[in-house]
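Structural overview
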Amino acid sequence: MPSKTIDYTPIQTTEELGRLVRAHRKQRGLTLETISGLGNLSTRFLSEFERGKETAEIGKVLKALRTLGLEVVVRPRGQTPGGKPSDDKDASTP
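One structure accompanies this document, and this report is about it.

What counts and how
- Residues numbered from 1 in each chain as written.
- Predicted model: local features only at pLDDT ≥ 70, side-chain atom pairs only at ≥ 80, totals over all residues.
- Heavy atoms only, no water.
- Helix = DSSP H or I, 4+ residues; strand = E, 2+ residues; numbered from the N terminus.
- Buried < 20%, exposed > 50% of the residue type's maximum accessible area, 1.4 Å probe, protein only.
- Contact = heavy atoms within 4.5 Å.
- Core = buried A, V, L, I, M, F, W, Y, C linked by side-chain atoms within 4.5 Å.

**Structural notes on the side chain of H24**
Inspection of the secondary structure assignment puts H24 in helix α1 (residues 14-27). Residue H24 is classed as buried on the basis of its relative accessible area, which comes to 4%. Ignoring sequence-local partners within four residues, the contact set of H24 consists of I6, Y8, L68 and L70.

Here it is as structure tokens:
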């Protein structure tokens, strides 16, 4: 069965971030227990994070992302990684 391609697009909600992280983890065949052990994070925290818990501690979120080989990139909305404007229709929305 071919693995589903993950759409690594800009994130607007905690639910979107959680879904993306869960898909990334599962695509790599990793369990919550594995990530918990590698990142010294509780499986409860990781489960709540993947379900989009809005009050998840930012330090733990960043640690979980690093453990999974992901990173956070902050840039002005509507810009591509090279700093050029994108075709994003919501780019003008503050």
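**Quick look at the nonpolar core**
Note on soluble globular proteins: their nonpolar side chains tend to be buried together. Judged by nonpolar contacts, V21, L32, I35, L41, F45, L46, F49, V61, A64, L65, L68 and L70 together constitute the single largest core of 12 residues. Listing elements by their share of this core, those giving two or more residues are α2 (32-39), α3 (43-50) and α4 (58-67). Look past the residues within four positions of L32 in its chain and what remains in contact with it is R25, T43, L46, S47 and E50.

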